[in-house]
Amino acid sequence: MRIINLFLFVLLFCVSCTSTHDDTCEIVKYDHTNIKESYPLSTFIDTVKFIRLELPESCFFGRVGDILFDDSGIYAVDSKQDIVYRFNSDGMFLNTIGKRGEGPGEYAELTSCFLGKNSIYIADIYISRIYEYSFDGDYIGTISHPFELVYDYIRELPNGNFLCHTVDGGNENTHGVWIMDRQGKLSKRVLAISEIYPFSSSGWDTMTLQEDGTIQIYDPPVGIFYSFNPQDESIHKIFQHKSNYKMTGDFIGVKSNYYIKEEHANCDIIVNTDRYLLSIWSLPDMTASFTLLDKNTQKVENCSYPEMDIPGLINLGNWMPSNLSNTWVTCFNDEFIDEYFPEKYDELRMSENVLIVNKLIFKR
């Protein structure tokens, strides 16, 4: 998974189809020609909680691409070393999960990681396998699936099967939302999307578990949000946000961004909470817009970068994909602090085995 450094971001089926891409929904359109310099972070953030993760001296953080949370702890997914570090809720190191290799429970590359109810999964999409481990790191088993069943994002359902989201329109067999069973077979195609349009993944997770148990799914090229109900496996379109510029989903039939010659905007990074939708847009002039929608008032604000007005938070740092609801997770590693805030390096007691996690909790 790719780390997104927001400090530098300004440069920027036995298948039954139960739904289609044509449902109607509410549409909000943003004016991205009117971007102000800043708005206060406290506009939408209530509190910030800081957690210091520290590895034993013999270990170090390579490139953390995801930070996941559950009742058993915190999981830092290191995509450079292809390993998962587990900590308790206070940041104390507990154990590692997964390992590169050719033996049982070992893989060639960690391409994604996600939590289940009683276990954690590491996927190697290039060899079409999903490895299951206990939270203590013990290998449980492997699920193999056909190469044709390509997904971009995946999560475990309450019944143990897997909900998959394929955003890339080049994967015609699975473009949309579908369910894989625990034998690695296509169980049900929930949402079939027939249109082909380009998509470049940032590694940002498109599926978010909501407090009512439903799963929200975001389709970045067209800006559409869906709600999936695990109980009856139904899905419906709930909302769409659009830029005043064209989006990649407007270029039907084009398989790669390389072939798009017109001005267009992209948004595949979002934090969707009970009250606010925060989205990061890459605009045609190579600038970024932090677009904030207040769902209660329908007020929209666009800025180049939020003002850091919350005590203790010096910068947004690296923005992390996470499974927490109503929370924006970011982090600082030693390289970030050394480059941008060297005067804080000793004060924060930074080293290559330290990661400071920031949980920015949204107002409700």
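Above this note sits the structure.
Residues numbered from 1 in each chain as written. Predicted model: local features only at pLDDT ≥ 70, side-chain atom pairs only at ≥ 80, totals over all residues. Heavy atoms only, no water.

### Comments concerning the packing of aromatic side chains
Right, so step 1: Taken as a whole and assessed by the stated rule, the structure comprises 25 aromatic pairs.
Right, so step 2: Where Tyr75 meets Phe135, the ring centres are 6.0 Å apart and the plane angle is 50 degrees; that geometry is what we call tilted. Taken together, the positions of Tyr75 in strand E5 (residues 73-78) and Phe135 in the loop between strand E10 (129-133) and strand E11 (139-144) put the pair 60 residues apart, joining distant regions of the chain. The pair Tyr75 / Phe135 is uniform in exposure class, with both members buried. (Phe/Tyr/Trp six-rings, centres within 6.5 Å; stacked < 30°, edge-to-face > 60°. Helix = DSSP H or I, 4+ residues; strand = E, 2+ residues; numbered from the N terminus. Buried < 20%, exposed > 50% of the residue type's maximum accessible area, 1.4 Å probe, protein only.)

### Points about the pairing of strand E22 (residues 276-282)
Right, so step 1: Of all the seven residues making up E22, six are buried; the element is thus mostly covered by neighbouring parts of the structure.
Right, so step 2: Two elements, strand E21 (residues 264-272) and E22, share five bridges in a ladder whose sense is antiparallel. Note on E22: the bridge partner recorded for Val271 is Leu278.
Right, so step 3: Between E21 and E22, which pair antiparallel one after the other, the connecting turn spans three residues. (Pairing = 2+ DSSP bridges.)

### A short note on the environment of Ile314
Right, so step 1: Looking at the element boundaries, Ile314 is found in the loop between strand E24 (300-303) and strand E25 (318-319).
Right, so step 2: The class for Ile314 is partly exposed, based on a relative accessible area of 25%.
Right, so step 3: Along the backbone, Ile314 and Ile45 are 269 residues apart, and their C-alpha atoms lie at a distance of 14 Å.
Right, so step 4: Not counting residues within four places of it along the chain, the set of residues in contact with Ile314 comprises Met308, Phe332, Ile337, Phe341 and Lys344. (Contact = heavy atoms within 4.5 Å.)

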